[in-house]
Amino acid sequence: MYKERLLTPGPTPIPQRVLQAMDLPMLHHRSDVFKKELIKACEGTRWLLGWDSDPIFLACSGTGAMEASLLNTCAPGDTIITVNGGVFGARWGKIAERLQLQAKEIEVSWGSPVTVEQAQQAVLANPHAKAFCIQHSETSTTVLHPVAEVLCAVKAAAPKMLTIVDGISSCATTPFPGNPSTVDMYIAGSQKALMLPPGLSIMVLSQLAWDSVEAGPKRSLYFDLAGERKSLKGGETSWTPASTIIVGLNAAIDMFKAEGLEPIYRRHELLSRMARRGVRALGCEVLAPDAPCPSVTGFVPPPSIDADALRSAVRSRFGIRLAGGQGKFKGKVIRIGHMGYVDPFDVTATISALGLSLKSMGAPVQAGDALAECLKELDA
Ligand SMILES: Cc1ncc(COP(=O)(O)O)c(C=O)c1O
C-alpha cells in the first residue's frame, strides 16, 4: 500500500484541520453564524495579503475572477496589455477576445520571466491601455515573473493604468508583489496554496480600481464587483457564496497565522530547491532555471523517457499524482506541485518515486543519489 499523494499545482492536499472545520451541518448563508465567518474571512484575508480594505469573495474558479476583473473595468473596444509567457498569460487574451477588448500581448518565451524593459516598452507604445495584466507565477511554465519591479515601471510610465495581478498559484507561497499603489487588482484561488477545495476566488482592489469599477460598464450581473462590495457592507455576498469553503478559509488562515508568513515563504523556497536539485540529479532538465516559482517545479525527463509514461508509472506504482505539461509543453514535461499543505518529505517521496520509476524504465539513474542531493537542501 502506498498513500495517495497529490503533488499537483492545484488542486492540492487539504489539511485535516481544514477538513474538520468544513465538516459541519450546512450553514445558511444569510444566518448570523455565517456572517461571522464572512467577517472573519475578510479580516484574515486582509492579514494574509497585507491589504487595508475588504476582499471580494466570488463563487467561481480563478478564471472567473480573471474575467470579472476585466468585465468590471473595461468596455468593448478598450485596449489592455497582457504578459503572455504561458497558458495562463494567454488566457487574458482569450478573455479579452470574448469581451471585445484589444489585447496587446507582450510575448515572453516559455520558461523566461518578462523583463521590466519589455513592460516599459509595451506601456509606452500603448499609453492609453486600460489595464496591464500579468501572472505572478505562470503555473504552466513554472516561472515567477518579477511583478513588483514590473508594476513599479508600469505605474511610473502610466499611473492611471490599472494593474491586474493573477496571484492564483503564488498567493501564500511568496510575498505579495507590491502594495495598493502598484497593484490595483489581485486575484487568489482556493485550490492552490490556500489548501482548500476548488470553487472560491478572492479579489482585492485598490482605490483606483474601485473608482474604475464604480464608474465602469455594468456588463455582468453575476460578477458585479460594486454590487458585491455593497452586499459585504451588510455582512453578505450578493449571491449564494461558496460558504463551506469560506469556513475552511478561516481554518486555513488560522494555520497560516500559527506558522507565520515568513516561515511559509521560506518553506516554499525550500521545497522548490529540494525538488529542483532532486530532479536535476535524476538527469532531468529543470524549466525556468533563472526565475523558478516556489510553488511548482517543472522538468523535462531524460532523453528517450516519455514524460506521460513516467508520470503514469509514478502514480500507478507509488500513488503520487503529478501534473503534466500544458499547451505546447503537453506530453513533454512533468510538474511537481509543492504549494500549500506540502512538507519536505512529500518532496523526498516524489524524488524517490521518480528515481525508481526512471530506473525501471531504463534510465541510467540511481534514486538514492538523487535523494541524497535533495536531502542536502534540507540539511543545509
Ligand atoms: C496562474 C493561474 N491562473 C489561472 C488559473 C485558472 O484557474 P482555474 O482553473 O481555477 O480557473 C490557474 C489554474 O491552474 C493558474 O495556475
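It should be emphasised that the depicted structure is a prediction, and the values quoted were computed from it without experimental measurement. Residues take numbers from 1 onward in each chain, read along the sequence in its written order. Confidence filtering applies because this is a predicted model: local features only for residues at pLDDT of at least 70, side-chain atom pairs given and counted only at 80 or more, and all residues used for totals across whole chains, interfaces and linings. Here the side-chain values reflect all heavy atoms present in the structure, with hydrogen atoms and water set aside.

Q: Can you help me understand the overall build of the protein chain in this one?
A: Helix and strand counts for the protein chain come out as 13 helices and 15 strands. Atoms counted for the radius of gyration: C-alpha only. Globule rule: 2.2 Å times residue count to the power 0.38. Scaling as 2.2 N^0.38, a compact globule of 380 residues should have a C-alpha radius of gyration of about 21 Å, and the protein chain matches this with 21 Å. For the protein chain, the spread of C-alpha atoms along the three principal axes comes to 60 × 55 × 35 Å. Put simply, the protein chain has 380 residues, and 58% of those count as buried. We call two residues contacting when some pair of their heavy atoms lies within 4.5 Å. In the protein chain, the share of contacts with a sequence separation of at least 24, taken over all contacts with a separation of at least 6, comes to 70%. Summed over its atoms, the accessible surface of the protein chain is roughly 15400 Å², and 53% of this surface lies on carbon and sulfur atoms. We count Lys and Arg on the positive side and Asp and Glu on the negative side, and we leave His and both chain ends out. For the purpose of locating charges, the reference atoms are NZ of Lys, CZ of Arg, CG of Asp and CD of Glu. Distance between charge centroids for the protein chain: 3 Å, based on 38 positive and 36 negative side chains. Secondary structure elements are defined from DSSP: runs of H or I of at least 4 residues count as helices, runs of E of at least 2 residues count as strands, and each element is numbered from the N terminus. Working definition: with a 1.4 Å probe on protein chains only, accessible area under 20% of the residue-type maximum means buried, over 50% means exposed, and in between means partly exposed. Residue-level accessible areas treat just the shown protein chains as cover; the underlying method is Shrake-Rupley with a 1.4 Å probe.

Q: Explanation requested: the domain arrangement of the protein chain in the structure shown.
A: As a measure of interface size, the accessible area lost when the parts come together is often cited. Start and end positions for the domains come from either an automated domain assignment or a database one. Domain boundaries in the protein chain define domain 1 (16-257) and domain 2 (261-379). If you average the C-alpha positions of domain 1 and of domain 2, the two centres end up 29 Å apart. In this complex, domain 1 contributes 25 residues to the contact, which on the side of domain 2 involves 22 residues. Defined in terms of a 1.4 Å probe, buried area is the accessible area two parts forfeit on being brought together, summed over both. Here domain 1 and domain 2 share an interface that buries about 2000 Å² over both sides, 70% of which is from carbon and sulfur atoms. Contact with domain 2 buries area across many residues of domain 1, yet Trp110, Thr142 and Thr173 alone supply 31% of it, more than any other trio. Any Lys or Arg side-chain nitrogen found within 4 Å of a carboxyl oxygen on Asp or Glu counts as a salt bridge. Viewed at the interface, domain 2 and domain 1 are joined by zero salt bridges. The term polar contact refers here to a pair of N or O atoms within 3.5 Å; inside protein, the definition further demands a hydrogen-donor-capable atom paired with an acceptor-capable atom, and it admits residues adjacent in sequence only when both atoms are side-chain atoms. The tally of links between domain 1 and domain 2 comes to four residue pairs in polar contact (both at pLDDT 80 or more).

Q: It is not clear to me how the site of the ligand should be interpreted in this structure. Could you clarify?
A: When we say a residue is near a molecule or strand, we mean one of its heavy atoms is within 4 Å of it. Around the ligand, the structure places 13 residues, and the nearest of them are Ser61, Thr63, Thr139, Asp166 and Lys192. One of the side-chain N or O atoms of Ser61 is found 2.6 Å from an oxygen atom in the ligand. Contacts to the ligand include Gly62, whose backbone N or O atom sits 2.9 Å from an oxygen atom. Relative to its unbound accessible surface of 390 Å², the ligand loses 87% to contact with the protein. When each cavity is represented as a set of grid points, the ligand is found to reside in the largest pocket. Where the shell around the ligand is concerned, the elements lending two or more residues are helix H3 (62-71) and helix H4 (87-98). Looking at the shell around the ligand, the element that brings in the most residues is H3, giving three residues. Grid spacing is 1 Å over the protein atoms alone, the probe is 1.4 Å, and a cavity is where that probe fits but cannot get out, while a pocket is an open set with protein on both sides within 12 Å along at least five of seven lines and lining residues have an atom within 4 Å of a point. For a cavity or pocket, the test is whether more than half of a molecule's atoms lie within 2 Å of its grid points; if they do, the molecule sits there.

Q: Hey, could you run me through the nonpolar core in this one?
A: In globular proteins that are soluble, nonpolar side chains generally tend to be buried together. Nonpolar cores are built from buried Ala, Val, Leu, Ile, Met, Phe, Trp, Tyr and Cys residues. Side-chain atoms within 4.5 Å join them into one set. Formed by 56 residues in total, the largest nonpolar core has its most connected members in Phe57, Phe132, Ile134, Tyr186 and Leu194. The element best represented in this core is helix H9 (residues 243-259), accounting for nine residues. Counting the residues that make up this core, at least three belong to each of domain 1 (16-257) and domain 2 (261-379). Dropping the residues within four chain positions of it, Phe132 is found in contact with Ile81, Val83, Ile106, Ala119, Val123, Val150, Leu151, Val154, Met161, Leu162, Thr163 and Ile164.

Q: What am I meant to see in H4 here?
A: Given 3.6 residues per turn, any residue in an α-helix points the same way as the ones three and four places further on. Between its first and last C-alpha atoms H4 spans 17 Å; for 12 residues at 1.5 Å apiece the expected length is 16 Å, and the two agree. By the burial criterion, the buried members of H4 are Val87, Phe88, Gly89, Trp92, Gly93, Ile95 and Ala96. Phi turns positive one or two residues past the end of H4, at Gln100, with a value near 60 degrees. For a helix, the expected span equals 1.5 Å multiplied by the residue count minus one.

Q: Help me understand the sheet that holds strand E14 (residues 323-324) in this model?
A: Strand pairing in a sheet takes place through backbone hydrogen bonds and is either antiparallel or parallel in direction. At least two DSSP bridges between two strands are required for those strands to pair. The strand order across the open sheet built from four strands is E11-E12-E15-E14, with neighbouring strands paired in antiparallel fashion. Where the open sheet ends on each side, the last strands, each with one partner, are strand E11 (285-286) and E14. Pairing geometry for E11 and strand E12 (residues 296-300), over two bridges, is antiparallel. By the bridge assignment for E12, Val286 is matched with Phe299. Contacts from helix H10 (residues 261-281) reach E11, E12 and strand E15 (334-337), with the element oriented near 10 degrees to E12. To define axes, lines are fitted to C-alpha atoms, for helices over the stretch in contact only, and angles between the resulting N-to-C directions are given on a 0 to 180 degree scale.

Q: Sorry, what's going on with a nonpolar patch on the surface here?
A: The grouping of Leu221, Tyr222 and Trp239 at the surface amounts to a nonpolar patch, some 320 Å² of accessible area in total. Mapped onto the elements of the fold, Tyr222 is located in the loop between helix H7 (207-215) and helix H8 (225-233). Patch membership is restricted to residues that have no salt bridge and whose relative accessible area is over 30%. Joining uses 9 Å for like charges and 5 Å for the nonpolar side chains Val, Leu, Ile, Met, Phe, Trp and Tyr.

Q: Please clarify how the side chain of Thr12 should be interpreted in this entry.
A: Note that Thr12 resides in the loop between strand E1 (5-6) and helix H1 (16-22). Separated by 2.8 Å, the side chain of Thr12 and the backbone oxygen of Lys192 make a polar contact. Filtering out sequence-adjacent residues up to four positions away, Thr12 remains in contact with Leu6, Gln191, Lys192, Met195 and Met339.

Q: Looking at this model, I keep getting lost on the packing of aromatic side chains. Mind explaining?
A: Working definition: an aromatic ring pair is given by the centre-to-centre distance plus the angle between the planes. Ring geometry is summarised as follows: Phe, Tyr and Trp rings, the Trp one being its six-membered ring, pair when their centres sit within 6.5 Å, and such pairs are stacked at plane angles under 30 degrees, edge-to-face over 60 and tilted between the two. Applying the stated criterion across every chain yields a total of five aromatic pairs. By the ring-pair criterion, three or more aromatic residues cluster together here, those being Trp51, Phe176 and Tyr186. Our definition puts a charge over a ring when NZ of Lys or CZ of Arg is within 6 Å of the ring centre and also within 35 degrees of the ring normal. A cation sits over an aromatic face here: Arg229 above Trp210, 4.1 Å from the ring centre. Positioned over the ring face of Trp47 is Lys257, at 5.4 Å from the centre of the ring.

Q: What is the right way to read the environment of Ala372 from this model?
A: Summarising the element assignment, Ala372 is placed in helix H13 (residues 367-379). Spatially, the C-alpha atoms of Ala372 and Ala281 are 9.2 Å apart, while their sequence positions differ by 91 residues.

Q: Please explain the layout of surface pockets as it appears in this structure.
A: Grid points are joined across faces, edges and corners, and a volume is the space filled by probe spheres set on the points. Each pocket or cavity is described by its volume, and for the largest pocket that value is around 300 Å³. Taken together, 21 residues make up the lining of the largest pocket; nearest its centre are Pro9, Phe88, Arg91, Gln191 and Lys192. For the lining of the largest pocket, the elements supplying multiple residues, two or more each, are H3 and H4. Lys, Arg, Asp and Glu make up the charged group, whereas Ala, Val, Leu, Ile, Met, Phe, Trp, Tyr, Cys and Pro make up the nonpolar group; the residues left over, Gly among them, are polar. A class-by-class count of the residues in the lining of the largest pocket yields seven nonpolar, 10 polar and four charged. Residues lining the lining of the largest pocket come from more than one domain, with at least three contributed by each of domain 1 (16-257) and domain 2 (261-379). Roughly 240 Å³ of internal volume is contained in the second largest pocket. Surrounding the second largest pocket, 13 residues form its lining, Arg267, Gly340, Tyr341, Val342 and Asp343 being those nearest its centre.

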